[in-house]
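Topology and contacts: notes
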Amino acid sequence: MRDAAIAVLEKAGVRGAACVEFKMDPRNGVYQFMEFNSRTVIYNRLHRRCGLDFAAMAWAEAAGQPIGRPEPVRWPGVWVNLHADLLYSAVHGRREQLGWSEFSAPYRRPILEAVWSAADPAPFLSQCNHTLCRCLRAAFRWNRAPGLQPGSQLLETSLRRRF
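Now for a look at the structure at hand. (Residues numbered from 1 in each chain as written. Predicted model: local features only at pLDDT ≥ 70, side-chain atom pairs only at ≥ 80, totals over all residues. Heavy atoms only, no water.)

1. Side note on the overall build of the chain
Going by this rule: Under the DSSP-based scheme used, a helix requires at least four consecutive residues in state H or I and a strand at least two consecutive residues in state E, with every element numbered from the N terminus. Contacts are assigned to residue pairs that have any heavy atoms within 4.5 Å of one another. Throughout, the Shrake-Rupley method with a 1.4 Å probe supplies accessible areas, and for residues the shown protein chains are the sole cover considered.
Counting its regular elements, the chain contains seven helices and four strands. Ordered by position from the N terminus, the helices and strands of the chain form the series α-β-β-α-α-β-α-α-β-α-α. Relative to all contacts within the chain whose residues are 6 or more apart in sequence, the contacts with residues 24 or more apart total 45%. Here the chain displays about 12400 Å² of accessible surface, and carbon together with sulfur accounts for 57% of that area.

2. Some points on a nonpolar patch on the surface
Just so we agree on the cut-off: Patches here: salt-bridge-free residues with over 30% relative accessible area, like charges joined within 9 Å, nonpolar side chains (Val, Leu, Ile, Met, Phe, Trp, Tyr) joined within 5 Å. By definition, a salt bridge exists where a carboxyl oxygen of Asp or Glu is found within 4 Å of a side-chain nitrogen of Lys or Arg.
On the surface, a nonpolar cluster with roughly 330 Å² of combined accessible area is contributed by M1, M24 and Y31. Structurally, M24 is set in strand 1 (residues 19-24).

3. Some remarks on the pairing of strand 2 (residues 31-37)
Selection rule: Two strands are said to pair when DSSP picks up at least two bridges between them.
Bridging between strand 1 and strand 2 involves six bridges; their strand directions are antiparallel. When the bridges of strand 2 are listed, M24 appears paired with Y31. Where strand 1 hands over to strand 2, the hairpin turn is made up of six residues, of which G29 adopts a positive phi near 75°.

4. Some thoughts on the pattern of salt bridges
Using the following cut-off: In this scheme, a residue with accessible area under 20% of its type's maximum is buried, one over 50% is exposed, and one in between is partly exposed, where area comes from a 1.4 Å probe on protein chains only.
This model, assessed by the stated rule, comprises one salt bridge. Taking the shortest distance from any N to any O, the salt bridge between D25 and R27 comes out at 2.7 Å. Its relative accessible area of 10% is what places D25 among the buried residues. Classification of R27 as exposed rests on a relative accessible area of 75%.

5. A word on the packing of aromatic side chains
For clarity, the cut-off: Paired rings are identified among Phe, Tyr and Trp, the last through its six-membered ring, by centres lying within 6.5 Å, and are further divided according to the angle between planes into stacked (under 30 degrees), edge-to-face (over 60) and tilted (the rest).
Overall, the coordinates contain one aromatic pair when judged by the stated rule. Seen from their ring centres, F22 and F33 are 6.0 Å apart, and the 70° between their planes marks the pair as edge-to-face. Of the two residues, F22 sits in strand 1 while F33 sits in strand 2, which places them 11 residues apart along the sequence. Since its relative accessible area comes to 39%, F33 is described here as partly exposed.

6. Some points on the side chain of D25
Summarising the element assignment, D25 is placed in the loop between strand 1 and strand 2. Ignoring anything within four residues of it in the chain, the contact list for D25 reads V30 and Q32.

7. A few points about the environment of C19
Looking at the secondary structure, you find C19 in strand 1. Exposure remark for C19: the relative accessible area of 35% places this residue in the partly exposed category. Taking the C-alpha atoms as reference, C19 lies 7.8 Å from R39; in sequence the two are 20 residues apart.

Printed below as a string of structure tokens:
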């Protein structure tokens with residue numbers, strides 16, 4: 001994947017850090033190019049905790065200075081997306097039989113929150129609202145579609161595609 005990502009960026013004339021996304025086609029198992037994004041700031045806090053400072057590297061490159069090699073940092077924490085964790089637990093928790101101890105284990109370590117911030121809860125609340133609306137629409141369809149009853153194989157396949 002690394003070589004394919006570098007080839008895409010070189011062909012597009014992109015210099016510097018970028019994220020390249022591929023997705024596997026379930027029909028044939030072949031990875032297909034989805035998109036690239038040269039704005040890497042979305043995970044910058046996580047990168048810095050892991051010893052990779054893209055902003056400093058980009059500044060050094062623009063200033064004509066050598067870009068240092070990243071040094072691994074032994075940060076014991078975890079990157080948590082509370083909304084996704086809660087959603088996944090609600091959808092798959094019973095089937096996987098996660099106990100409270102197993103579910104809460106990552107939260108007992110230092111946390112770097114993906115979306116939630118007490119200073120700005122709007123993005124997290126927006127995600128929750130969006131998910132709630134999708135769940136309500138799905139519940140409305142369950143009442144009208146006999147194959148989409150809770151616990152059915154068709155329902156689980158449908159949920160896996162949507163979330």
